[in-house]
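# Understanding the architecture of this molecule
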Amino acid sequence: MITARFTRSLLAVLALGAAAAQAADPVTVSDAWVAATVPGQPASGAFMRLDSACDCVLEKVDSPVAGLAQIHQMSMQGDIMRMQPVDGVPLPKGSSVSLRPDGYHVMLMKLTAQIKEGDQVPLTLTIREGQATRTLQVTASARSIAGHAMH
Amino acid sequence: MHTTLTRRHLLASLGVLGLGALAGCDNSGKLDFKHGKDLSNEILGRTFKLHDTEGNQVSLSSFRTLMPMVFFGFTQCPAVCPTALARAVQIKKLVGEGGKILRVVFITLDPERDTPDVLGPYLKQFDPSFIALRGTPEETAAVAKEFKVFYEKVPLGDTYTLSHSATSYVYDSRGTLRLGLSASLSAQQCAEDLLTLMEVC
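All values derive from a computational prediction rather than experimental measurement.

Parameters and conventions
- Residues numbered from 1 in each chain as written.
- Chains lettered and ligands numbered in written order.
- Predicted model: local features only at pLDDT ≥ 70, side-chain atom pairs only at ≥ 80, totals over all residues.
- Heavy atoms only, no water.
- Helix = DSSP H or I, 4+ residues; strand = E, 2+ residues; numbered from the N terminus.
- Buried < 20%, exposed > 50% of the residue type's maximum accessible area, 1.4 Å probe, protein only.
- Contact = heavy atoms within 4.5 Å.
- Areas by Shrake-Rupley, 256 points an atom, 1.4 Å probe, with all protein chains shown as cover.
- Salt bridge = Lys/Arg side-chain N within 4 Å of Asp/Glu carboxyl O.
- 1 Å grid on protein atoms, 1.4 Å probe; cavity = no way out; pocket = protein on both sides within 12 Å on 5 of 7 lines; lining within 4 Å.
- Points joined across faces, edges and corners; volume = space filled by probe spheres on them.
- Nonpolar A, V, L, I, M, F, W, Y, C, P; charged D, E, K, R; others polar.
- Expected span 1.5 Å × (residues − 1).

Helix and strand content of chain A: two helices and ten strands. Overall, chain A shows an N-to-C arrangement of helices and strands of α-β-β-β-β-β-β-β-β-β-β-α. Expressed as a percentage of its 151 residues, the buried residues of chain A come to 39%. Summarising the internal contacts of chain A: among those between residues at least 6 apart in sequence, 67% fall at separations of at least 24. If you sum the accessible surface of chain A, you get close to 7900 Å²; carbon and sulfur atoms cover 56% of it.

The subject of this paragraph is the pattern of salt bridges. Under the counting rule described, the total for this entry stands at 14 salt bridges over all chains. With its nearest N and O atoms 2.9 Å apart, the salt bridge here joins A:K60 to A:D62. A relative accessible area of 42% places A:K60 in the partly exposed class. Linking B:E112 and B:K153 is a salt bridge whose minimum nitrogen-to-oxygen distance equals 3.1 Å. Of this pair, B:E112 sits in the loop between β5 (102–108) and α3 (116–124) while B:K153 sits in strand β7 (residues 151–156), and the two are 41 residues apart along the sequence. Under the relative-accessibility criterion, B:E112 is labelled partly exposed at 42%.

This next bit is on the environment of B:G180. Within the secondary structure layout, B:G180 lies in strand β10 (residues 177–181). Ignoring sequence-local partners within four residues, the contact set of B:G180 consists of B:G36, B:K37, B:L39, B:T167 and B:S168.

Unusually for a residue other than glycine, A:D31 sits at a positive phi of about 50°. Tracing the backbone through its elements, the reader meets A:D31 in strand β1 (residues 27–35).

The next thing to look at is the side chain of A:T37. Residue and element names in this part refer to chain A. Mapped onto the secondary structure, T37 falls in the loop between β1 and β2 (44–52). Taking relative accessible area as the criterion, T37 reaches 5% and is therefore assigned buried. With sequence-adjacent residues up to four places away left out, T37 is seen in contact with A43, S44, L111, Q114 and I115.

All told, the structure shown has one cavity of 30 Å³ or more when counted by the stated rule. Looking at the largest cavity, its volume works out to about 100 Å³. Lining the largest cavity are 15 residues; nearest its centre among them are A:A35, A:Q41, A:S44, B:T75 and B:C77. Per-class residue counts for the lining of the largest cavity are ten nonpolar, five polar and no charged.

As a further point, take the environment of B:P82. Residue and element names in this part refer to chain B. Here P82 lies in helix α2 (residues 80–94). On the accessibility criterion, P82 (1% relative accessible area) is buried. Distance in space between the C-alpha atoms of P82 and Y122 is 9.6 Å, their sequence separation being 40 residues.

This part takes up α2(B). Residue and element names in this part refer to chain B. End to end, α2 covers 20 Å across 15 residues, agreeing with the expected 21 Å (1.5 Å per residue, within 8%). Here α2 lies mainly inside the structure; eleven of its 15 residues are buried. Three or more residues of α2 are buried, namely V80, C81, P82, A84, L85, A86, R87, A88, V89, I91 and L94. Phi turns positive, to about 60°, at G96, one or two residues after α2.

See the structure below:
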């Protein structure tokens, strides 16, 4: 009885595993982090590395901690730092794209609460491949901006 | 490496400081900065009056005998501002004893959102000795103009971010502007130029 139930659950888990493997996202995210904030600071940034096995575009990033999240691109024009929202980040097949403070990054604005060091911040990435979009759930850990700004 | 640089420059600084005491502060000739821009002929930031996060009024003369390194930014800036602040932390370490007279001054370009309550703790994350200054939006515009600092709001729906110029301005201990450090320079490069300046004044 116990054995049968155990076997059934095991099969279920295996089946789930197989389904997950089949639907494995062509975009994998690593080293996702969010800059911790001080109380009252209304915005922060999210950063990560995206490895793409498809010709995809990162279209959107949402988070429950932010009333408004946008993808921005920072660029230097001479000595002027320019900040612009962008429609998406191209993720060409086989590429590894980093969202970092000095390039593309996610701005988390209208924060609902302070983000403390060590907090796990859920992010939902919307990725488009051709006409199809899929979402990808990522957890980013909050790190001190003072310690990570240089990296 | 860092220690060597510091010691070597420190010995040099001590030697020249000795001479400086006799000859007075030499702020006539051009300085041989390796990385930054010699701003000795520019007159910028002479009359600003802003408030620190404790409410004290601060002007350039508040830094007499010290070496202020002034730059502009805003706390919601994800890139240049925290990088420049983290670089300032490194620079302070690299200049060794000179770090005692170096004062890192951050002037917010976003006073509406960078209230003292946000600005103070934000800066203290980097170094408790860093000084954050703010004014009214009008005062901020006037100070930026005085420093020839460009900044503009980039609208994002009902909110905004800022684009701005990212030079750090360094004054000598007599309050004369001497050196401009661009955002692209490393902490090591900045420290080398600061030590050059510390040798003279």
